Amino acid sequence: CTIKPELIEHYKNRTGHYKALISDERIMQTENIDMSCIEVILPLGLHKKTKLFHRAIVTVGGVTGTGKTMFALNFIRDNMHNHDLYYLNSEMSEQELKAKKDAFLHIPAYSWCFNPIEVVGDMSLSIRTNKINIIDYLSAPPEKPYLIREQLDAIKGRLGTGMALVLIQRKSGN
């Protein structure tokens, strides 16, 4: 089965100007593929409702103070002894992260087992291929929320057989 779509079309009323109709695409192969899942526990029992395949991206979005970081720390707590976890942080200081971890009163400070990494710049460049990455956080300009897609595509391109839990910060009122 072959698909031959039109790849370009003329801009109306503009001689010599064209626009691309397809950016990057490929025909998906759904036969003879690896169907193994990444076995993780998601907060709120969400792992009972879905399967996470390799290269999965789970997004959690909200405004400041809605619990995104605590959601991520719950994910870390529930999976840190079964997976190699990388927490890619773009906003918190070491003291702030320690204070958030200390909120888990039943977990001794020494028993947290994950790799917290401060990231400045392009978050996708810090993705650990074939690992579980927790990204706190991504954002897009309020006037261009579609730009988040480019960031997620760059992250997905680096995951290999891993996955990412991505926290997305949005401005209040958007």
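What you see is a predicted model, and the numbers here were worked out from it, not measured in a lab.

A. Inspection of the environment of Gly62 at higher detail. Inspection of the secondary structure puts Gly62 in strand β3 (residues 57-62). Each C-alpha atom, one on Gly62 and one on Ile168, is 6.5 Å from the other, the two residues being 106 residues apart in sequence.

B. Structural view of the packing of aromatic side chains. Inspection of the entire model under this criterion finds 3 aromatic pairs. Here the aromatic rings of Tyr87 and Phe114 are separated by 6.1 Å at their centres, their planes lie at 90 degrees, and the arrangement is edge-to-face. In this pair, Tyr87 sits in strand β4 (residues 85-89) while Phe114 sits in the loop between α2 (94-102) and β5 (115-118), placing the two residues 27 residues apart along the sequence. Across the pair, Phe114 and Tyr87 agree in class, each one buried. Their ring planes at 70 degrees and their centres at 6.0 Å tell us that Trp112 and Phe114 sit as a pair that is edge-to-face.

C. Examining the sheet that holds β5 more closely. In space, the 5 strands of this open sheet follow the order β3-β7-β6-β4-β5, with parallel pairing throughout. Across the chains shown, the open sheet's two edge strands, defined by having one partner strand only, are β3 and β5. Pairs of neighbouring strands in the sheet enclose a mean axial angle of 15 degrees, with direction left out of account. Relative to the sheet, helix α1 (residues 68-79) contacts β3, β4, β6 (132-138) and β7 (163-169), its axis offset from that of β7 by approximately 160 degrees.

D. Summary view of the side chain of Asn133. With respect to the helices and strands, the residue Asn133 is situated in strand β6. Given the relative accessible area of 0%, Asn133 is considered buried. Side-chain polar atoms of Asn133 contact the backbone oxygen of Lys131, separated by 3.2 Å. If near-sequence neighbours (up to four positions away) are discounted, Asn133 is found in contact with Tyr86, Leu88, Ser126, Ile127, Arg128, Leu159, Met163, Ala164 and Leu165.

E. Representation of the nonpolar core within the structure. Of all hydrophobic cores here, the largest spans 26 residues; its most connected members are Phe75, Ile76, Ile134 and Met163. Elements supplying a minimum of two residues to this core: β3, α1, β4, β6 and β7. Among the elements that line this core, the one with the most residues is α1, at 5 residues. Not counting the four nearest positions on each side in its chain, Ile134 is found in contact with Ala72, Phe75, Ile76, Leu85, Tyr86, Tyr87, Leu88 and Leu165.

F. Region of interest: a nonpolar patch on the surface. A contiguous nonpolar surface patch, about 280 Å² in accessible area, is contributed by Ile33, Met35 and Phe53. Residue position: Phe53 is located in the loop between β2 (18-20) and β3.

G. Main features of the packing of α1 against α2. The interhelical angle for the contact between α1 and α2, taken along N-to-C directions, is 65 degrees, at an axis separation of 10 Å. One element, α1, and the other, α2, form an angle in the roughly perpendicular class. Where α1 crosses over α2, the two elements pack in a sense that is right-handed. For the pair α1 and α2, the contacting residues are Thr69, Met70 and Leu73 in the first and Leu97, Lys100 and Lys101 in the second. Its residues placed into classes, the contact of α1 with α2 shows 3 nonpolar, 1 polar and 2 charged.

About the cut-offs
- Residues numbered from 1 in each chain as written.
- Predicted model: local features only at pLDDT ≥ 70, side-chain atom pairs only at ≥ 80, totals over all residues.
- Heavy atoms only, no water.
- Helix = DSSP H or I, 4+ residues; strand = E, 2+ residues; numbered from the N terminus.
- Phe/Tyr/Trp six-rings, centres within 6.5 Å; stacked < 30°, edge-to-face > 60°.
- Buried < 20%, exposed > 50% of the residue type's maximum accessible area, 1.4 Å probe, protein only.
- Pairing = 2+ DSSP bridges.
- Axes fitted to C-alpha atoms, helices over the stretch in contact; angles between N-to-C directions.
- Contact = heavy atoms within 4.5 Å.
- Polar contact = N/O pair within 3.5 Å; in protein donor to acceptor, adjacent residues only side chain to side chain.
- Core = buried A, V, L, I, M, F, W, Y, C linked by side-chain atoms within 4.5 Å.
- Patch = residues over 30% accessible without salt bridge, like charges linked within 9 Å, V, L, I, M, F, W, Y side chains within 5 Å.
- Areas by Shrake-Rupley, 256 points an atom, 1.4 Å probe, with all protein chains shown as cover.
- Salt bridge = Lys/Arg side-chain N within 4 Å of Asp/Glu carboxyl O.
- Parallel < 35°, antiparallel > 145°, perpendicular 65-115°, else oblique.
- Left-handed = near helix turned anticlockwise from the far one by under 90°.
- Nonpolar A, V, L, I, M, F, W, Y, C, P; charged D, E, K, R; others polar.

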